[in-house]
Amino acid sequence: MIEQVEEILLVLDDKLTKTLSVLKEDYASVRAGRANPHILDKVMVDYYGAPTPINQTANISVQEGRCLVISPWDASLLKGIEKALQVSNIGINPTNDGKVIRLVFPQLTEERRRDLCKQIKKMGEDAKVAQRNVRRDALEGLKKLKTDKLISEDEYASYEKEVEKSVSDATAQVDAAAAAKEKEIMTV
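Residues numbered from 1 in each chain as written. Predicted model: local features only at pLDDT ≥ 70, side-chain atom pairs only at ≥ 80, totals over all residues. Heavy atoms only, no water.

**Points about the layout of surface pockets**
Reasoning step 1: When its volume is computed, the largest pocket comes out at roughly 370 Å³.
Reasoning step 2: As for the largest pocket, its lining consists of 14 residues, and the residues nearest its centre are S29, V30, N89, I90 and Q119.
Reasoning step 3: Element by element, the count of residues in the lining of the largest pocket is highest for helix α3 (residues 110–147), at four residues.
Reasoning step 4: Grouping the constituent residues of the lining of the largest pocket by class yields six nonpolar, four polar and four charged. (1 Å grid on protein atoms, 1.4 Å probe; cavity = no way out; pocket = protein on both sides within 12 Å on 5 of 7 lines; lining within 4 Å. Points joined across faces, edges and corners; volume = space filled by probe spheres on them. Helix = DSSP H or I, 4+ residues; strand = E, 2+ residues; numbered from the N terminus. Nonpolar A, V, L, I, M, F, W, Y, C, P; charged D, E, K, R; others polar.)

See below:
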């Protein structure tokens, strides 16, 4: 196998893996009715002038399955964390008792569960689109090598099958992740 083909296949595998990991991160931030500290991953608080993720400024713990307790390491951050949570789009109002902040997750309604499932399917479809774009880029690279006569028609056909297999495996993983998240949300 020539070096350029190896590089194309490595880039393909790397991008497919990244697509799946980004999807799983997105799924972790979907509010599924249970308290999940990952929904706060993208919420930033002003920490001495620098935007910092909440999980780097406070201890976050789950209490009774439906409540997140945020205990800032520095008590002066309490108001800043509360403000950051209010302006974020997590959809839960924080309660501040002067020492910790609590986020109580309400029970999901059937309609909200269905909306979340639609959102999850859309995220899965977006990941599949990204995977198809990665496949297209890999095939274009292989076609260029074929046109430049660096690989033969037969080699091109075998590499194309390899690319298709990698993409179909990655697509199956996306489908499995989406199905698992849907099952988690629809479980009452």
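And the narrative resumes.
**So, the sheet that holds strand β3 (residues 58–63)**
Reasoning step 1: In spatial order, the strands read β3-β4-β6-β5; together these four strands make up an open sheet with antiparallel pairing. A strand with exactly one partner marks an edge of an open sheet, and here the two such strands are β3 and β5 (95–96).
Reasoning step 2: Against the sheet, helix α2 (residues 78–87) makes contact with β3, β4 (67–72), β5 and β6 (101–104), and its axis sits at roughly 25° relative to β6, the strand it touches most. (Pairing = 2+ DSSP bridges. Contact = heavy atoms within 4.5 Å. Axes fitted to C-alpha atoms, helices over the stretch in contact; angles between N-to-C directions.)

**Considerations on the packing of α3 against helix α4 (residues 153–186)**
Reasoning step 1: Relative to each other, α3 and α4 sit at 170°, their axes nearing to 10 Å. Classed by the angle they form, the pair α3 and α4 counts as roughly antiparallel.
Reasoning step 2: Looking at the contact of α3 with α4 residue by residue, the classes come out as 16 nonpolar, three polar and 14 charged. (Parallel < 35°, antiparallel > 145°, perpendicular 65-115°, else oblique.)

**A short note on the pattern of salt bridges**
Reasoning step 1: Counted under the stated rule, the structure contains 14 salt bridges.
Reasoning step 2: Here D126 makes a salt bridge to K122, at a shortest N to O gap of 3.2 Å. Pair noted here: D126 and K122 are both in helix α3, with a separation of four residues, about one helical turn.
Reasoning step 3: Under the relative-accessibility criterion, D126 is labelled partly exposed at 43%.
Reasoning step 4: The exposure class assigned to K122 is exposed, which follows from its relative accessible area of 52%.
Reasoning step 5: For K128, the salt bridge goes to D175, with nearest N and O atoms at 2.6 Å. (Salt bridge = Lys/Arg side-chain N within 4 Å of Asp/Glu carboxyl O. Buried < 20%, exposed > 50% of the residue type's maximum accessible area, 1.4 Å probe, protein only.)

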